Amino acid sequence: MNPETNPMNSDAPLRVMLGERSYDIRFYHGNLAQLALDLRLFCPERALVVSNETIWAIHGCALSEALTLAEIDATVVHIGDGERHKTLQTASMVYDRLIEGRFSRRTCVIAFGGGVVGDLAGFVAATYMRGVDFVQIPTTVLAMVDSSVGGKTGVDHPLGKNMIGAFYQPRTVCIDFSLLRSLDEHNKRGGFAEIIKYGVIWDPKFFAWLEENIEDALGLEQGAVHHAVRVSCEAKARVVAQDEREGGLRAILNYGHTFAHAIESLGEYKERQYHGQAVSIGMVAAAEVAVRMDMAPSEDASRIRNLLARAGLPTSIPRDLEPAQIIDRMASDKKVVSGRLRFVLPSRIGKVEIRDDVPVDLLTAVIRDLRA
Ligand SMILES: NC(=O)c1ccc[n+]([C@@H]2O[C@H](COP(=O)([O-])OP(=O)(O)OC[C@H]3O[C@@H](n4cnc5c(N)ncnc54)[C@H](O)[C@@H]3O)[C@@H](O)[C@H]2O)c1
Ligand SMILES: [Zn+2]
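Residues numbered from 1 in each chain as written. Chains lettered and ligands numbered in written order. Predicted model: local features only at pLDDT ≥ 70, side-chain atom pairs only at ≥ 80, totals over all residues. Heavy atoms only, no water.

### Section: the environment of His226
Its location among the elements puts His226 in helix H8 (residues 222–242). Each C-alpha atom of the pair His226 and His29 lies 8.8 Å from the other, and the pair is 197 residues apart in sequence. (Helix = DSSP H or I, 4+ residues; strand = E, 2+ residues; numbered from the N terminus.)

Okay, structure coming up:
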């Protein structure tokens, strides 16, 4: 990795500025012992660790040992693995454990897992006894750079994803990069789609850095993955600090997501929840829309597409999806405001605009041309 492009790679915690709810994101490289010692401050009494069997089978012993050494009195509860377990029913099972175990108001809920565990554990923490302390130890790239930052917690409802939830900030987030070594390639690369997204919407220098260092970062080379995750957290934290409750600016985080949600809910992506892969396609499509709207130079769209391809992410729309099908699905998205499709379009790398005036003909042409 090129150290010159890496001036911010400090082990110092990253402060998320949210007034009295401000908190630190802490970084570690294979040091759960120190991580647990740092958590002590937030666990004055008992802790409930929420995780799942998959993660626990790999990293559970190491975390348990570290918590014991740090004298944190922790009980572990497992939820099922996968989005289909992110439900009120699962939350209710966790409340049962808390109530039966007589956990008090001073309990700390520790989420140890990916976004599913983090969203559900955060929601339980936000609601148990009207709110107990909550900390996150994210174990996927997506959870490190996206779901653990910003305070959105919640569960799915049979009629819609993330329909029930609360904004609830953690007391701290502890990121240990060594946990990522066991993550499968699809989930790892999917998380990098969100990392690349921050470069496009927010930080052209970071995008250029990724162009130089993407292989090292994906290879989990210590300095590179640290820089990629830290700058991503910083980007999301800045956006959230300016718009904690999604009034305006936070919408730019949806770059690539209008297309992605439609693609994810159709065809082969429906079975396998590869959100990042769908976002990758969506970012390519939105960049192409921007070029055809004469908002952006075509070199920028090529740079975005090339970087995503180098990260091993898909850049074309599955052939079996018809343009009309995708457009209909986008129009039925719950976030559509007064019938107009809204897109976050990059006007250049590092800057996006929100537009609701993309002609259907242009959309159809872009989708047709991106099918492979
Ligand atoms: N709160 C937010 O702001 C926000 C933002 C984006 C996404 N989300 C939510 O995040 C969820 C997706 O999160 P995700 O992508 O982390 O998926 P996930 O939590 O389902 O994890 C993906 C898979 O990886 C496994 N896994 C996790 N860590 C591992 C590790 N270190 N080694 C081996 N396997 C590991 C998990 O068991 C799971 O099978 C969705 O529910 C989504 O709605 C929330
Ligand atoms: Zn996303």
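### A few points about the sheet that holds strand S2 (residues 23–28)
What the seven strands build is an open sheet, ordered S1-S2-S9-S6-S5-S3-S4; its pairing is mixed. Looking at which strands have only one partner, the edges of the open sheet turn out to be strand S1 (14–16) and strand S4 (73–79). With strand direction ignored, the average angle separating the axes of adjacent strands in the sheet is 20°. Lying on the sheet, helix H2 (residues 53–69) is in contact with strand S3 (46–52), S4, strand S5 (108–113) and strand S6 (133–138); it crosses S3 at an angle near 155°. Strand contacts of helix H4 (residues 115–127): S3, S4, S5 and S6, with the helix running at about 170° to S5, the strand carrying the most contacts. (Pairing = 2+ DSSP bridges. Axes fitted to C-alpha atoms, helices over the stretch in contact; angles between N-to-C directions. Contact = heavy atoms within 4.5 Å.)

### Observations concerning the site of ligand 1
Taken together, 25 residues lie near ligand 1, and Glu83, Gly115, Thr139, Thr140 and Ser182 sit nearest. Between an oxygen atom of ligand 1 and a side-chain N or O atom of Asn52, the distance comes to 3.1 Å. Within the backbone of Ser147, an N or O atom sits 3.5 Å from a nitrogen atom of ligand 1. Taken by itself ligand 1 offers 870 Å² of open surface, and the protein chains cover 84% of this. When residues in the shell around ligand 1 are grouped by element, the largest group, four residues, is from H2. Grouping the constituent residues of the shell around ligand 1 by class yields six nonpolar, eleven polar and eight charged. (Near = heavy atom within 4 Å. Polar contact = N/O pair within 3.5 Å; in protein donor to acceptor, adjacent residues only side chain to side chain. Areas by Shrake-Rupley, 256 points an atom, 1.4 Å probe, with all protein chains shown as cover. Nonpolar A, V, L, I, M, F, W, Y, C, P; charged D, E, K, R; others polar.)

### Side note on helix H1 (residues 32–39)
Buried within H1 are the following residues: Leu32, Leu35, Ala36 and Leu39. In a view along the axis of H1, the buried residues occupy a sector of 95°, so they form one face of it. Looking at the packing, one finds that the buried side of H1 touches S2, H2, S5, S6 and strand S9 (172–176). (Buried < 20%, exposed > 50% of the residue type's maximum accessible area, 1.4 Å probe, protein only. Arc of directions from axis to C-beta.)

### Re the pairing of S4
One ladder, built from seven bridges, connects S3 with S4; its direction is parallel. Following the sheet pairing, Val50 is matched in S4 by Val77. Each parallel crossover has a hand, and for S3 linked through H2 to S4 it is right-handed. (Right-handed = clockwise from strand over helix to strand, strands pointing away.)

### Comments concerning unusual backbone geometry
Residue Arg102 is not a glycine yet carries a positive backbone phi of 55°. The residue Arg102 is located in the loop between helix H3 (88–100) and S5 in this model. Positive phi, normally seen in glycine, also occurs at Met129, with a value near 50°. Here Met129 is to be found in the loop between H4 and S6.

### Structural notes on the confidence of the model for the protein
In low-pLDDT regions, the fine details of the predicted coordinates are not to be read closely. The pLDDT averaged across the protein works out to 93; a share of 94% of its residues lies at or above 70. Here residues 1–7 scores under 50 on pLDDT; set against residues more than four positions off or in separate chains, the count is 15 contacts. (pLDDT = per-residue confidence, 0-100.)

### Quick notes on the state of the cysteines
Here a disulfide denotes a covalent bond joining the sulfur atom of one cysteine to the sulfur atom of another. Scanning the model with the defined rule gives zero disulfides in all. Looking at the unpaired Cys43, the closest cysteine sulfur is the one in Cys108, lying at 3.8 Å. Of the cysteine sulfurs around Cys174, a residue in no disulfide, the closest is that of Cys43, at 9.4 Å. (Disulfide = S-S within 2.5 Å.)

### Looking at the nonpolar core
Within the largest apolar cluster, 85 residues are counted, with the highest numbers of intra-cluster contacts made by Ile25, Ile196 and Phe259. Looking at which element gives the most residues to this core, the answer is helix H11 (residues 275–292), with eleven residues. Apart from residues no more than four positions distant in its own chain, Ile25 is found in contact with Pro13, Leu14, Val16, Val149, Val173, Ile175 and Cys233. The next biggest cluster of nonpolar side chains, apart from the first, holds 23 residues, and it includes Leu32, Ala36, Val49 and Cys174. (Core = buried A, V, L, I, M, F, W, Y, C linked by side-chain atoms within 4.5 Å.)

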